[in-house]
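Read off the chains here:
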Amino acid sequence: MADEIPNVPDGPHLRTIAMPRDTNASGAIFGGWTVSQMDLAGGTFVAQRVQGRFVTVSIDAMRFIRPIEVGDEVSVYCTLQEEGDTSIAVKIETWARDRSGSNAEKVTEGVFTYVALDENGKPRHQNDAQSK
């Protein structure tokens, strides 16, 4: 079964174009740039749930499937993986489409975990919206 672009009602959570300034020494898009885009999308997703401060605490199961090329349209999709008292695990997939708008392929995936914080920077129950 081939992967298909996720059907997320309010996604993608981030869409951008990969630019030449984002390349590594081999000419492909730098992996760190891709992870950054994924974390930005995950942050948008989590912000809607936590209603306050939060931080990224881990990235698990990160997998780079194929390089992103300059000019690709990059879309990042988030789905809830697991929810705890203070943390949220989000499955994040990055998809790239060539400039013609066709040939979409999943290029990365991973699970990012975020923790809700109170006004003192300590973990808090994510439903306590005290630190907006």
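Section: the overall build of the protein chain
Phase 1 of the analysis: Helix and strand counts for the protein chain stand at one helix and five strands.
Phase 2 of the analysis: When the helices and strands of the protein chain are placed in sequence order, the string is β-α-β-β-β-β.
Phase 3 of the analysis: For the C-alpha atoms alone, the extent of the protein chain along its principal axes is close to 45 × 35 × 25 Å.
Phase 4 of the analysis: Burial statistics for the protein chain: of 132 residues in total, 38% are counted as buried.
Phase 5 of the analysis: Considering only contacts within the protein chain whose residues lie at least 6 apart along the sequence, 66% involve residues at least 24 apart.
Phase 6 of the analysis: Total accessible area on the protein chain stands at roughly 7300 Å², and carbon and sulfur atoms take up 47% of it.
Phase 7 of the analysis: Each charge class in the protein chain was averaged separately, 13 positive and 19 negative side chains, and the resulting centres sit 4 Å apart.

Things to note about the side chain of Thr34
Phase 1 of the analysis: Along the chain, the position of Thr34 falls in helix α1 (residues 31–50).
Phase 2 of the analysis: Beyond its immediate sequence surroundings of up to four residues, Thr34 is in contact with Ile29, Phe64, Ile68, Thr94 and Thr108.

Looking at the side chain of Gln37
Phase 1 of the analysis: Tracing the chain through its elements places Gln37 in helix α1.
Phase 2 of the analysis: Those residues in contact with Gln37 that sit more than four places away from it in its chain are Leu14, Thr16 and Val76.

Notes on the pairing of strand β4 (residues 87–97)
Phase 1 of the analysis: Buried residues dominate β4, accounting for eight of its 11 residues.
Phase 2 of the analysis: One ladder, built from 10 bridges, connects strand β3 (residues 73–83) with β4; its direction is antiparallel. Within β4, the residue paired with Ser75 across the bridge is Trp95.
Phase 3 of the analysis: Adjacent in sequence and paired antiparallel, β3 and β4 are bridged by three residues.

Describing the nonpolar core
Phase 1 of the analysis: Counting 21 residues, the largest nonpolar core has Val46, Ile68, Val76, Val90 and Ile92 as its most contacted members.
Phase 2 of the analysis: Breaking this core down by element, the ones donating at least two residues are α1, β3, β4 and β5 (105–116).
Phase 3 of the analysis: Top element by residues in this core is α1. It accounts for six residues.
Phase 4 of the analysis: Excluding anything up to four places from it in sequence, Ile92 contacts Met38, Gly42, Val76, Tyr77, Cys78, Thr108, Glu109, Gly110, Phe112 and Tyr114.

Section: the sheet that holds strand β2 (residues 54–64)
Phase 1 of the analysis: What the five strands build is an open sheet, ordered β1-β3-β4-β5-β2; its pairing is antiparallel. For this open sheet the edge positions go to β1 (14–17) and β2, each flanked by a neighbour on one side alone. On average, each strand axis in the sheet is tilted by 25 degrees relative to the strand beside it, whichever way the strands run.
Phase 2 of the analysis: For β2 and β5, the ladder comprises eight bridges, and the chain directions are antiparallel. Bridging from a neighbouring strand, Asp60 pairs with Val111 of β5.
Phase 3 of the analysis: Each of β1, β2, β3, β4 and β5 is contacted by α1, which is oriented at about 50 degrees to β5, the strand it contacts most.

What to know about the confidence of the model for the protein chain
Phase 1 of the analysis: On average, residues of the protein chain score 90 in pLDDT, and 90% of them reach the 70 mark or higher.
Phase 2 of the analysis: The lowest-confidence element of the protein chain is α1, averaging 95 in pLDDT; the highest-confidence one is β5, averaging 97.

Cut-off values and rules
- Residues numbered from 1 in each chain as written.
- Predicted model: local features only at pLDDT ≥ 70, side-chain atom pairs only at ≥ 80, totals over all residues.
- Heavy atoms only, no water.
- Helix = DSSP H or I, 4+ residues; strand = E, 2+ residues; numbered from the N terminus.
- Buried < 20%, exposed > 50% of the residue type's maximum accessible area, 1.4 Å probe, protein only.
- Contact = heavy atoms within 4.5 Å.
- Areas by Shrake-Rupley, 256 points an atom, 1.4 Å probe, with all protein chains shown as cover.
- Lys, Arg positive; Asp, Glu negative; His and termini not counted.
- Charge placed at Lys NZ, Arg CZ, Asp CG, Glu CD.
- Pairing = 2+ DSSP bridges.
- Core = buried A, V, L, I, M, F, W, Y, C linked by side-chain atoms within 4.5 Å.
- Axes fitted to C-alpha atoms, helices over the stretch in contact; angles between N-to-C directions.
- pLDDT = per-residue confidence, 0-100.

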